[in-house]
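Descriptive structure summary
Next come the chains, spelled out residue by residue.
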Amino acid sequence: MTDTLWKCEQVRAGQVYDRVLFNTREEAEEFLTQMRKNAPDLFWRMEPVEAKMVWN
């Protein structure tokens, strides 16, 4: 487990509709590639977050 997680969020009109967390940047990028291929009209953003900032 690393100290950094990668957060991908589906955003529309400034509102978050979906959020997915990944352990590595590569996993997050692969996910975004697939999502953009399957639904190119949806906007996804990716950002690193500290693991201690994520609540379970």
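This structure is a prediction, so every number in the text was calculated from the model and none was measured. Each residue is numbered by its place in its chain's sequence as written, counting from 1. Owing to the predicted nature of the model, reporting of local features is limited to residues with pLDDT of at least 70; listing and counting of side-chain atom pairs is limited to 80 or more, with chain, interface and lining totals taken over all residues. Only hydrogens and water are set aside; all other atoms, that is, all heavy atoms of the structure, feed into the side-chain values.

Here we come to the environment of Asn38. Where helices and strands are cited, they refer to DSSP runs of H or I of at least four residues and of E of at least two residues respectively, numbered from the N terminus. As for its placement among the helices and strands, Asn38 is situated in helix α1 (residues 25-38). Considering only alpha carbons, one finds Asn38 and Cys8, 30 residues apart in sequence, at a separation of 16 Å.

This brings us to unusual backbone geometry. Glycine aside, residues mostly have negative phi, and peptide bonds are mostly found in the trans state. Non-glycine residue Ala13 carries a positive phi angle of around 55°. Position of Ala13 relative to the elements: it lies in the loop between β1 (4-12) and β2 (15-22).

So, about the packing of aromatic side chains. Ring pairs are drawn from Phe, Tyr and Trp, using the six-membered ring of Trp, whenever the two centres fall within 6.5 Å, and their geometry is named by plane angle: stacked under 30 degrees, edge-to-face over 60, tilted for the rest. All told, the structure shown has two aromatic pairs when counted by the stated rule. Taking the centre distance of 5.1 Å and the plane angle of 45° together, the rings of Phe22 and Phe31 count as tilted. In this scheme, a residue with accessible area under 20% of its type's maximum is buried, one over 50% is exposed, and one in between is partly exposed, where area comes from a 1.4 Å probe on protein chains only. What makes Phe22 buried here is its relative accessible area of 15%. Through a chain of ring-to-ring contacts, three or more aromatic side chains come together here, namely Phe22, Phe31 and Trp44. Each ring is checked for a lysine NZ or an arginine CZ that lies within 6 Å of its centre and within 35 degrees of its normal; such an atom marks a charge sitting over the ring. The side chain of Arg12 reaches across the aromatic face of Tyr17, ending 4.2 Å from its centre.

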